[in-house]
Protein chains: 2
Amino acid sequence: MNRVLVVDDEPQIVRALVINLKARKYEVDAAADGATALRLAAARHPDVIVLDLGLPDMDGVEVIKGLRGWTRVPILVLSARQTSDEKVEALDAGADDYVTKPFGMDELLARLRAAVRRAEPAGQPDDSVVVETETFTVDLAAKKAHRDGRDVRLTPTEWHLLEVLVRNAGRLVSQKQLLQEVWGPSYGTESNYLRVYMAQLRRKLETDPSHPRHFITEPGMGYRFER
Amino acid sequence: MNRVLVVDDEPQIVRALVINLKARKYEVDAAADGATALRLAAARHPDVIVLDLGLPDMDGVEVIKGLRGWTRVPILVLSARQTSDEKVEALDAGADDYVTKPFGMDELLARLRAAVRRAEPAGQPDDSVVVETETFTVDLAAKKAHRDGRDVRLTPTEWHLLEVLVRNAGRLVSQKQLLQEVWGPSYGTESNYLRVYMAQLRRKLETDPSHPRHFITEPGMGYRFER
DNA sequence: CGCCCTCTTGACGCATCTCTGACGCCGGGC
DNA sequence: GCCCGGCGTCAGAGATGCGTCAAGAGGGCG
């Protein structure tokens, strides 16, 4: 669910945009002048701004500069003016895109999607997907396991197995599913692999490997990771 | 100095773009068909791509998808076709902007600047461009590595590899990802390259290259930079 | 034209990981 | 009380991956 701020002083344009955006599951705020736009942008932190340049109270380029002073939110400029100078000025002031009126709604929405998409963090450097137990910690993004203040070295197969279990934390994962996810679709029955590698994981991560508290065996069915 | 890849099969357009771009201190590569474009994009790592959709050998959208498979480099589409469908398709395939021919050079350049600008890393307060370890220092912005008070000379490939690792500090980076980011999308398996260059980096930056403390090998999975 | 820096490529030894079989334990069914 | 299937453990053999060295190819620059 993305939030959009629509800034335009023509009510019918705002109405058309709001209807179309809401139909596509955007959250929409609207402003009819520059001052309101700046206030709403600060208050609501939209993911993208659609900005008409012809506002009653201030120059559109000033709005762009005001925004760019503190945020990199994508700004999609909407304008009736087609001259090249206008476009260059708005783009160089910090706008991300420039669409001239009259515009096609499909195109505008596509440009909006493009703006939102590229604003999304790449591989999110900080999206640490960390799962903790009282004994150890698993960071799925960094591919790191931690225990007693030290890193635990895991082999690729061990990691893969751990990953499947952790992603299904609390749920039972069948032997067949584990085998097929880790070893490939043709390995449905080699449950001895599982026994060996579950033992490795327990030895490396459990406090008392022979009485596992987190890697639980469900006899005849599969295994379960319990945090 | 930014690098631009211009892709168009009309020589006069290419010529006009190359002249204008070079006059503005861009480094320019040019391709007349999709295959060349993909190859050059991989080899030269441009900062932005200007792509004509009407190529002789493949559909422009396919070129976009081919690029988006491994890079987020800004793509500015140039096309004679004005229909909304074309634009939507190209934008949703991953293009960043769409300009119809005939285009104004000023506007195109402004859109190019906008594309490059927003692709630049956000100057966030906490993401310092300098990364330090107790042994050496890496300045990502200045493209310099420092050790024992002296600059360390790195070849382009060494630097590229170091950059990818440092940007993902603490996280495991898979061999495939490293190869594709440094050598291009078609190098997913040549792990011998990695071994050679990791050895170089270690020899130049580690205190004891045979017992690396910062460039950690995770056997079978990839490498990790630890500060 | 020739030098030098880089990148690529192959070969080798070594460490590690994966697979495999054997064995013992435990609980449930007969 | 015995049998049997499923599970945990161990250790060895083979396969794979890694670090290292060295030589050749390619390109830029004087």
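Please read all numbers here as calculations on a predicted model, not as lab measurements.

Caption draft 1: Expanded view of the environment of Ala90(A). Relative to the elements of secondary structure, Ala90(A) occurs in helix α4 (residues 84–93). Not counting the four nearest positions on each side in its chain, Ala90(A) is found in contact with Leu53(A), Val61(A), Ile64(A), Val77(A), Ala95(A) and Tyr98(A).

Caption draft 2: Examining the sheet that holds strand β2 (residues 27–31) of chain A more closely. All names here are of chain A. Taking strand neighbours across the sheet as the criterion, the five strands line up as β2-β1-β3-β4-β5 in an open arrangement whose pairing is parallel. Two strands close off the open sheet at either side, each with one partner strand: β2 and β5 (97–100). When strand polarity is set aside, the average angle formed by the axes of neighbouring strands in this sheet is 20°. Of the pairings in the sheet, the one linking strand β4 (residues 75–79) to β5 comprises four bridges and is parallel in character. Looking at the pairing, Val77 lines up with Tyr98 of β5. Against the sheet, helix α2 (residues 34–44) touches β1 (3–7), β2 and β3 (48–52), its axis set at about 150° to β2.

Caption draft 3: Geometry of the packing of aromatic side chains. Residue and element names in this part refer to chain A. One pass over the full model with this rule turns up 12 aromatic pairs over all chains. When the ring of Trp183 is compared with that of Tyr197, the centres are 5.6 Å apart and the planes differ by 65°; the resulting orientation is edge-to-face. Here Tyr197 lies in helix α8 (residues 191–205) and Trp183 lies in helix α7 (residues 175–183), a separation of 14 residues in the sequence. Of the aromatic side chains, those joined through ring pairs into one cluster are Trp183, Tyr187, Tyr193 and Tyr197.

Caption draft 4: Structural view of the layout of surface pockets. By volume, the second largest pocket amounts to about 360 Å³. Every residue lining the second largest pocket is counted, 21 residues in all, and those nearest its centre are Lys87(A), Thr100(A), Thr100(B), Glu107(B) and Arg111(B). Put simply, the parts of the chain that give the lining of the second largest pocket at least two residues each are α4, β5 and α5 (105–119) of chain A together with β5 (97–100) and α5 (105–119) of chain B. Grouping the constituent residues of the lining of the second largest pocket by class yields eight nonpolar, six polar and seven charged.

The rules behind these values
- Residues numbered from 1 in each chain as written.
- Chains lettered and ligands numbered in written order.
- Predicted model: local features only at pLDDT ≥ 70, side-chain atom pairs only at ≥ 80, totals over all residues.
- Heavy atoms only, no water.
- Helix = DSSP H or I, 4+ residues; strand = E, 2+ residues; numbered from the N terminus.
- Contact = heavy atoms within 4.5 Å.
- Pairing = 2+ DSSP bridges.
- Axes fitted to C-alpha atoms, helices over the stretch in contact; angles between N-to-C directions.
- Phe/Tyr/Trp six-rings, centres within 6.5 Å; stacked < 30°, edge-to-face > 60°.
- 1 Å grid on protein atoms, 1.4 Å probe; cavity = no way out; pocket = protein on both sides within 12 Å on 5 of 7 lines; lining within 4 Å.
- Points joined across faces, edges and corners; volume = space filled by probe spheres on them.
- Nonpolar A, V, L, I, M, F, W, Y, C, P; charged D, E, K, R; others polar.

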